[in-house]
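Spelled out from the first residue to the last, the chains are:
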Amino acid sequence: MKKYGNAVSGNERLLQWIGSIQARTGDLAASEAKVVELLLVDPLFVGASTTAQVAARAGVSPPSVIRAARAIGFSGFTELKIEIARARGTTGFFAPSDVLTADATTAAVLEASIRAGTDALMALGGALELSALERAVSTIEQARQVMAFGAGPSATVAADAVFRLRAVGVTSIGIADHLSAMIATRLLGPGDVVIAISSTGRTSTTLAIADAAASAGASLIAVTNQYGTPLASLANIALVVGGAPLTAQMAAAGSRLAQLVVIDALVAAVALRDPQRSRRAERAGIDLPDIA
């Protein structure tokens with residue numbers, strides 16, 4: 001993503017609003033995507049500008065600005081500006097995020113990492129639909145078994161999901177090898193659940209697993225950054241985390257943290273709804289080293 005400046009940090013309400021917008025950008029026309037890219041990176045400029053000014057800066061025509069606003073759920077550009085003002089409150093303009101260079105200090109790297117995580121979690125608060133989370137919890141409660149799969153950075157989230165669910169009494173499996181996972185998924189059926197994790201919603205191996213799950217009749221829960229992506233469209237339930245507009249250096253880390261929080265919420269809700277199953281899981285690990 002090209003950086004335009006005037007990025008926002010430190011304003012929770014505006015960051016949550018940005019997350020809700022990011023969640024709706026999965027399937028836009030090229031000209032509309034340019035406008036939304038500018039909106040995500042510099043919302044305060046868009047909120048203070050005319051249609052023509054936004055169009056000039058994004059490199060599109062003024063009608064494209066209006067179409068972009070409508071594509072992400074607003075009646076037009078005016079309503080979009082009103083919502084920016086509401087989310088902004090009394091906040092001022094903020095300095096853009098620094099891009100780390102080879103001579104960055106360790107303190108700067110740590111600060112950037114903390115800020116990336118904080119921004120990603122604020123975006124999650126505005127993007128995730130509680131009704132979808134509740135449906136996911138109910139689906140897992142009733143599942144015969146749950147399989148989780150992710151590739152690259154999302155593989156660690158999938159592994160965490162398997163361990164955490166198993167620790168509260170949910171029969172769960174995780175297979176890192178794609179070919180083995182494909183075979184296992186094709187052997188699933190109604191009553192089984194697959195949690196597919198992909199920030200982009202377009203990872204080929206994860207999409208193949210998701211497609212196999214749908215074909216087998218298993219319920220598919222997607223944990224991803226945006227609606228409208230192939231994975232979100234294929235899923236029975238999409239848990240969309242938003243994905244704040246971070247620098248390339250920190251984007252994967254931010255998404256991973258948001259995904260882990262969603263898994264935490266799922267596991268905690270499942271455990272609270274079925275304490276008897278959680279107690280059985282505790283007894284199953286009674287003579288194991290402390291894993292709490």
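Up top is the structure these notes are about.
Residues numbered from 1 in each chain as written. Predicted model: local features only at pLDDT ≥ 70, side-chain atom pairs only at ≥ 80, totals over all residues. Heavy atoms only, no water.

**Student:** In this structure, what is going on with the packing of helix α10 (residues 178-186) against helix α11 (residues 204-216)? I would like to understand it.
**Tutor:** Helix packing geometry: the angle between the two helix axes and the distance between the axes. Look at α10 against α11: their axes get within 8 Å of each other, and the N-to-C directions meet at 15°. Taken together, the axis directions place α10 and α11 in an arrangement best described as roughly parallel. Classified by chirality, the crossing of α11 by α10 is right-handed. The segment α10 lies against α11, with His178, Ala181, Met182, Thr185 and Arg186 engaging Thr205, Ala208, Ile209, Ala212, Ala213 and Ala216. Residue composition of the contact of α10 with α11, by class: seven nonpolar, three polar and one charged. (Axes fitted to C-alpha atoms, helices over the stretch in contact; angles between N-to-C directions. Helix = DSSP H or I, 4+ residues; strand = E, 2+ residues; numbered from the N terminus. Parallel < 35°, antiparallel > 145°, perpendicular 65-115°, else oblique. Left-handed = near helix turned anticlockwise from the far one by under 90°. Contact = heavy atoms within 4.5 Å. Nonpolar A, V, L, I, M, F, W, Y, C, P; charged D, E, K, R; others polar.)

**Student:** Any chance you could explain the sheet that holds strand β2 (residues 172-174) here in plain terms?
**Tutor:** Within the open sheet, the five strands sit side by side as β2-β1-β3-β4-β5. Their pairing is parallel. Because the sheet does not close on itself, it has two edges, and the strands there are β2 and β5 (237-240). Adjacent strand axes in the sheet meet at a mean angle of 20°, parallel and antiparallel pairs treated alike. Strand direction decides the pairing type here: strand β3 (residues 192-197) and strand β4 (residues 219-224), joined by five bridges, are parallel. Directly across from Ile195, in β4, lies its bridge partner Ile221. Packed onto the sheet, α10 meets β1 (145-150) and β3 and runs at close to 150° relative to β1. (Pairing = 2+ DSSP bridges.)

**Student:** I tried to follow the packing of aromatic side chains on my own but got confused; where do I start?
**Tutor:** Enumeration according to the criterion identifies zero aromatic pairs in this entry. The ring of Phe45 is capped by Arg57, whose NZ or CZ atom sits 4.2 Å from the centre of that ring. (Phe/Tyr/Trp six-rings, centres within 6.5 Å; stacked < 30°, edge-to-face > 60°. Lys NZ or Arg CZ within 6 Å of the ring centre and 35° of its normal.)

**Student:** Looking at this structure, how should I read the environment of Ala258?
**Tutor:** Along the chain, Ala258 falls in helix α13 (residues 248-273). In this structure Ala258 comes out as buried when scored by relative accessible area, which is 1%. Residues Ala258 and Thr224, 34 residues apart in the sequence, show an inter-C-alpha distance of 9.6 Å. Those residues in contact with Ala258, other than ones at most four positions away along the chain, are Ala120, Leu121, Leu124 and Val241. (Buried < 20%, exposed > 50% of the residue type's maximum accessible area, 1.4 Å probe, protein only.)

**Student:** I'm lost on the packing of helix α2 (residues 30-41) against helix α5 (residues 62-71) in this one. Help?
**Tutor:** At a minimum axis distance of 8 Å, the contact between α2 and α5 shows a crossing angle of 80°. When the interaxial angle is binned, α2 and α5 end up roughly perpendicular. Side by side, α2 and α5 meet where Ser31, Glu32, Val35 and Val36 of the first sit next to Ser64, Val65, Arg67, Ala68 and Ala71 of the second. In terms of residue class, the contact of α2 with α5 is built from five nonpolar, two polar and two charged.

**Student:** Sorry, what's going on with the nonpolar core here?
**Tutor:** One recurring pattern in soluble globular proteins: nonpolar side chains tend to sit buried together. The biggest cluster of nonpolar side chains holds 31 residues, and the ones touching the most others in it are Ile140, Val146, Ile195, Ile221, Leu239 and Leu266. Elements represented by at least two residues in this core include exactly α8 (130-141), β1, α9 (153-167), β3, β4, β5 and α13. Here this core gets six residues from one element, more than from any other, and that element is α13. Counting residues in each nonpolar core, the second largest holds 25 residues, with Ile18, Val35, Val46 and Ala69 among its members. (Core = buried A, V, L, I, M, F, W, Y, C linked by side-chain atoms within 4.5 Å.)

**Student:** Sorry if this is basic, but what is going on with helix α4 (residues 51-58) here?
**Tutor:** For an α-helix, 3.6 residues make a turn, and residues three or four places apart therefore share a direction. Among the residues of α4, Val54, Ala55 and Ala58 are the ones counted as buried. Looking down the long axis of α4, one finds its buried residues gathered within 100° of arc, a one-sided arrangement. Phi for Gly59, located one or two positions after α4, is positive at around 75°. (Arc of directions from axis to C-beta.)

**Student:** Explain the pairing of β1 to me, please; I cannot follow it from the model alone.
**Tutor:** Remember that side chains alternate between the two faces of the sheet whenever the strand is regular. Of all six residues in β1, five are buried; the element is thus mostly enclosed. In this structure, β1 lies alongside β3, joined through six bridges in parallel fashion. Within β3, the position partnered with Gly150 by the bridge is Ile197. Here β1 runs beside β2; their pairing, made up of three bridges, is parallel.

All we've got here are geometric facts, nothing functional implied.
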